[in-house]
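Structure at a glance
Read off the chains here:
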There are 2 protein chains.
Amino acid sequence: MVARSSRVTIHDVARAAGVSVSTVSKALNDTGRMASETREKIKSIAADVGFRPNALARSLLFNRSFTVGLLTNDTYGRFTLPLMSGISEALVDHGVSVFLCAIEDDPELAKVHVDAMLDKQVDGIIATGKRIDRSLPVDLAGLPVPVVYAFTEGVPGSVVLTADDADGARLAVERLRKVGRRKIVHVTGPDSFVSAVERADAFRQAVGAGAVVMHGTWTEGWGHEAVALLWDDEKPTPDGIFCGNDQIARGVVDALRERGVRVPEDVSIVGFDNWEIFADQTRPALTTVDMNLKELGRTAGLTILDLAEGRSVEAGLRKLPCKLVVRQSCGGDREI
Amino acid sequence: MVARSSRVTIHDVARAAGVSVSTVSKALNDTGRMASETREKIKSIAADVGFRPNALARSLLFNRSFTVGLLTNDTYGRFTLPLMSGISEALVDHGVSVFLCAIEDDPELAKVHVDAMLDKQVDGIIATGKRIDRSLPVDLAGLPVPVVYAFTEGVPGSVVLTADDADGARLAVERLRKVGRRKIVHVTGPDSFVSAVERADAFRQAVGAGAVVMHGTWTEGWGHEAVALLWDDEKPTPDGIFCGNDQIARGVVDALRERGVRVPEDVSIVGFDNWEIFADQTRPALTTVDMNLKELGRTAGLTILDLAEGRSVEAGLRKLPCKLVVRQSCGGDREI
DNA sequence: TTGAAAGCGTTACCAA
DNA sequence: TTGGTAACGCTTTCAA
């Protein structure tokens with residue numbers, strides 16, 4: 001047995017207006033030719049009875065569901081949420097909604113979700129994760145819908161969007177230089193992360209000969225440890241530290257305070273990520289690199305839309321610029 | 001003009017199997033009567049050609065989209081993500097997908113999203129937010145689909161799910177008592193939050209006469225300040241502090257360390273939220289109350305499903321129990 | 001045991 | 001200017 005809808009259909013509008021269903025359709029969609037009087041009358045009646053077309057029926061007809069899937073294994077949502085927000089913002093104007101699927105690192109679960117999305121005829125899938133050099137635990141190649149990878153590894157020949165790590169590193173060094181820092185070191189995460197390596201390379205290039213890069217973990221603890229290594233040494237201490245993320249920066253700032261080293265008077269600190277919960281609560285608040293994840297999301301959304309609507313998009317890795325968010329940890333925030 | 005699907009339809013299966021469309025449907029759905037040989041043969045052919053029924057078509061027919069909407073104004077996702085994860089986990093087994101809509105505090109945007117969800121015939125809507133005593137900027141009453149409120153204020157007569165704040169407070173005090181603490185104070189957020197008040201009331205009841213509750217902001221800074229107030233006083237200092245969230249707890253722990261007060265040897269600390277990024281990184285790691293948001297999400301998902309499938313659900317506010325996550329800041333983690 | 005036909009709600013084509 | 005009809009992909013009823 002088939003359930004009955006309790007909602008207002010186009011038939012109801014047609015009956016109320018005393019015209020045919022096709023006339024109503026044409027009136028509401030501003031298609032076809034008809035007396036503008038009739039059109040207006042129908043529109044007003046439709047509004048009165050609260051008619052809204054059933055998107056499922058239209059989707060079936062157009063073979064477009066106005067729906068995209070967002071697949072993520074970033075459980076904690078550090079990257080997914082801003083991305084999601086950008087995607088949604090870009091697509092809502094086009095009437096497109098977003099299915100969010102959290103797949104952890106479970107290939108089975110991932111497959112279930114992908115199948116569910118395909119069954120529901122999503123117009124495209126955006127894949128995202130925690131790092132650019134790891135792929136999701138599911139093969140998205142050869143799907144009957146377009147796929148865009150954002151902040152996760154894509155298959156060869158696919159469209160991949162990510163933040164420009166080198167650009168971020170350059171922004172950080174540039175800022176440290178601008179406030180007069182000359183002995184700058186980089187304290188960052190493991191060199192098994194492509195992001196860490198790209199930032200480190202750009203850092204070395206910007207700082208020049210003798211650039212010091214310290215790889216560790218992405219934690220506050222490593223920030224403390226790095227400060228101990230730098231200050232318990234005989235060598236001269238740095239006057240600027242570029243940290244690979246805001247957690248490390250937080251650790252560095254706390255460790256320096258405990259040693260009586262003033263931030264930003266004695267040492268300037270720049271973080272990475274602009275994770276506001278850390279950046280704002282650190283004393284002093286962190287000047288940090290923002291990866292523009294929301295903008296990345298917006299771009300991903302528009303790209304998947306282009307693809308879904310048959311416009312061609314250049315394949316390959318596209319790096320979007322970062323921006324620097326100035327707070328107090330670097331100094332110069334008042335003068336500049 | 002109407003676009004053509006490039007996917008395998010039931011017609012393709014019928015053609016390949018040399019039977020009619022209706023026979024294929026019956027075979028695959030295990031309905032109707034037919035030679036089990038035929039049925040198996042059709043099933044195998046369907047699998048071979050990779051047939052998956054178009055969910056849109058079925059939805060249109062059944063008037064069930066196997067889709068629910070999750071509406072949130074919790075931009076930062078502190079509460080939304082675990083909730084979402086629970087919802088998704090509970091519903092994926094039922095073939096239900098989740099539309100996530102972030103609406104900030106924009107009523108216009110909220111309406112756009114709600115309309116989009118209704119157009120897409122969602123089977124129900126779960127509304128969630130940042131606090132139980134504020135409602136979303138959109139009226140969800142009188143919608144043609146069921147609504148469940150989770151962690152946000154609902155309209156009278158609706159189904160509202162939330163964490164049991166009093167239970168959380170009791171768990172915290174119980175733990176502090178268990179490790180031998182006798183002079184316990186509660187440092188928490190503003191008394192304009194119902195959650196803060198409910199926890200404080202339960203705290204007072206558990207601790208008894210002379211219970212000290214200090215209201216402030218939900219920040220690390222307030223944690224520092226509270227410690228200053230408590231320790232710069234002439235009065236005897238507490239040996240246990242129950243904090244209203246993990247950020248306050250972090251501030252308290254840091255402030256105590258700076259004063260040379262040992263945690264947990266001299267003072268035991270219990271936080272609230274189990275926000276892992278704070279709880280884990282605090283030294284010592286925080287023993288804290290977990291609101292079981294994932295479980296709350298699971299319950300919300302199953303509840304909306306009940307409603308969508310016509311089963312009746314008791315209206316009103318339902319409080320789900322919290323749990324204590326033991327780390328090192330309270331002590332007793334090894335003995336007990 | 002199988003298949004033709006109607007119908008879910010909508011849009012588009014063509015005839016009136 | 002308007003309306004009948006077919007079609008989107010599927011399930012179900014009813015007839016063969």
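Residues numbered from 1 in each chain as written. Chains lettered and ligands numbered in written order. Predicted model: local features only at pLDDT ≥ 70, side-chain atom pairs only at ≥ 80, totals over all residues. Heavy atoms only, no water.

This brings us to the overall build of chain A. Assigned secondary structure in chain A consists of 12 helices and 12 strands. The C-alpha radius of gyration of chain A comes to 26 Å, more than 25% above the 20 Å expected for a compact globule of 336 residues. Summarising its shape, the C-alpha atoms of chain A cover approximately 90 × 45 × 35 Å along the three principal directions. Burial statistics for chain A: of 336 residues in total, 54% are counted as buried. Restricting to contacts in chain A with at least 6 residues of sequence separation, those with at least 24 account for 70%. (Helix = DSSP H or I, 4+ residues; strand = E, 2+ residues; numbered from the N terminus. Rg over C-alpha atoms; globule rule 2.2 N^0.38 Å. Buried < 20%, exposed > 50% of the residue type's maximum accessible area, 1.4 Å probe, protein only. Contact = heavy atoms within 4.5 Å.)

Residues and elements named next belong to chain A. Taking burial as the measure, the five residues of strand β6 (residues 184-188) include five buried ones, the bulk of the element. Neither face of β6 is open: one carries I184, H186 and T188, the other V185 and V187, and all of them are buried. As defined by bridge partners, β6 adjoins strand β8 (residues 240-243) across four bridges and the pair is classed as parallel. Its bridge partner lying in β8, I184 is registered against G240. Pairing of β6 with strand β7 (residues 212-215), which is carried by four bridges, proceeds in the parallel orientation. Looking at β7, one finds that V185 is bridged to V212. In the classification by handedness, the crossover that spans β6, the intervening helix α8 (residues 194-207) and the parallel β7 is right-handed. (Pairing = 2+ DSSP bridges. Right-handed = clockwise from strand over helix to strand, strands pointing away.)

So, about helix α8 (residues 194-207) of chain B. Residues and elements named next belong to chain B. Given a rise of 1.5 Å per residue, 14 residues ought to cover 20 Å, and the 20 Å separating the end C-alpha atoms of α8 matches this to within 8%. Turning to α8, its buried residues number three or more, namely S195, A196, R199, A200, A202, F203 and V207. Taken end-on, α8 shows its buried residues confined to a sector of 165 degrees, consistent with a single buried face. In this structure, the buried residues of α8 make contact with α7 (165-178), β6 (184-188), β7 (212-215), β8 (240-243) and β9 (268-272). Just downstream of α8, G208 is the residue with a positive phi angle, here 95 degrees. (Expected span 1.5 Å × (residues − 1). Arc of directions from axis to C-beta.)

Attention now moves to the packing of aromatic side chains. Evaluated as defined, the whole model comprises 12 aromatic pairs over all chains. Ring geometry for W275(A) against F278(A): centres 5.4 Å apart, planes inclined by 50 degrees, an arrangement best described as tilted. Exposure remark for W275(A): the relative accessible area of 7% places this residue in the buried category. The class of F278(A) is buried, set by a relative accessible area of 1%. With a centroid separation of 5.4 Å and an interplanar angle of 85 degrees, the aromatic rings of F193(B) and W218(B) are classed as edge-to-face. Here F193(B) is found in the loop between β6 and α8, whereas its partner W218(B) is found in the loop between β7 and α9 (220-231), with 25 residues between them in sequence. Assessed through its relative accessible area of 19%, F193(B) is described here as buried. Joined through ring pairs, the aromatic side chains of W275(A), F278(A), W275(B) and F278(B) make up one cluster. Residue placement shows R131(A) over the ring face of F193(A); its charged tip is 3.5 Å from the ring centre. Note that R199(A) overlies the ring of F272(A), its terminal NZ or CZ placed 3.6 Å from the centroid. (Phe/Tyr/Trp six-rings, centres within 6.5 Å; stacked < 30°, edge-to-face > 60°. Lys NZ or Arg CZ within 6 Å of the ring centre and 35° of its normal.)

Listed as interface residues are 57 residues of chain A and, on the opposing side, 57 residues of chain B. Of the roughly 5,000 Å² buried where chain A meets chain B, counting both sides, 54% is carbon and sulfur surface. Area buried by chain A at its contact with chain B is led by R7(A), L56(A) and K120(A), which between them contribute 14% of it. Along the contact surface separating chain A from chain B lie eight salt bridges. As a salt-bridge pair, D119(B) and R52(A) come within 2.6 Å of each other at their nearest N and O atoms. (Buried area = accessible area lost by both parts, 1.4 Å probe. Salt bridge = Lys/Arg side-chain N within 4 Å of Asp/Glu carboxyl O.)

Counted by the stated rule, this structure contains three cavities of 30 Å³ or more. Within this model, the largest cavity holds a volume of roughly 120 Å³. Listed by contribution, the elements that provide at least two residues to the lining of the largest cavity are α4 (55-62) of chain A together with α4 (55-62) of chain B. For the lining of the largest cavity, the element with the most residues is α4(A), which contributes three residues. Across the lining of the largest cavity, the residue classes break down as five nonpolar, six polar and two charged. (1 Å grid on protein atoms, 1.4 Å probe; cavity = no way out; pocket = protein on both sides within 12 Å on 5 of 7 lines; lining within 4 Å. Points joined across faces, edges and corners; volume = space filled by probe spheres on them. Nonpolar A, V, L, I, M, F, W, Y, C, P; charged D, E, K, R; others polar.)

Before going further, it helps to examine the protein's contact with DNA strand C. Not every one of the 28 residues close to DNA strand C is listed here, only the nearest: I10(A), L61(A), T23(B), K26(B) and R33(B). Considering DNA strand C, the proportion of its atoms within 4 Å of the protein that are sugar or phosphate atoms stands at 66%. One of the backbone nitrogen or oxygen atoms of S20(B) is found 2.9 Å away from a phosphate oxygen of DNA strand C. One nitrogen or oxygen atom from the side chain of S22(B) is found 3.2 Å from a base nitrogen belonging to DNA strand C. Every element with two or more residues in the surface near DNA strand C is listed here: α1 (10-17), α2 (21-29) and α4 of chain A together with α2 (21-29) and α4 of chain B. By residue class, the composition of the surface near DNA strand C is 13 nonpolar, 11 polar and four charged. (Near = heavy atom within 4 Å. Polar contact = N/O pair within 3.5 Å; in protein donor to acceptor, adjacent residues only side chain to side chain.)

All right, on to the nonpolar core then. Of all hydrophobic cores here, the largest spans 85 residues; its most connected members are L161(A), F242(A), M291(A), F203(B), F242(B) and M291(B). Those residues in contact with L161(A), other than ones at most four positions away along the chain, are V148(A), Y149(A), A150(A), F151(A), L296(A), T299(A), A300(A), T303(A), R318(A) and L320(A). Counting 37 residues, the second largest nonpolar core, distinct from the first, contains L71(A), M117(B), V145(B) and Y149(B). (Core = buried A, V, L, I, M, F, W, Y, C linked by side-chain atoms within 4.5 Å.)

What follows is about the packing of α1(A) against helix α3 (residues 36-49) of chain A. Helix-helix packing is characterised by the crossing angle of the two axes and by the distance between the axes. Residue and element names in this part refer to chain A. Running from N to C, α1 and α3 point in directions that differ by 125 degrees, and their axes come no closer than 10 Å. The angle between α1 and α3 falls in the class oblique. Note that α1 runs across α3; the crossing there is right-handed. Here α1 contributes V13, A16 and A17 to the contact with α3, which in turn contributes K41, I42, I45, A46 and V49. Of the residues belonging to the contact of α1 with α3, the class tally is seven nonpolar, no polar and one charged. (Axes fitted to C-alpha atoms, helices over the stretch in contact; angles between N-to-C directions. Parallel < 35°, antiparallel > 145°, perpendicular 65-115°, else oblique. Left-handed = near helix turned anticlockwise from the far one by under 90°.)

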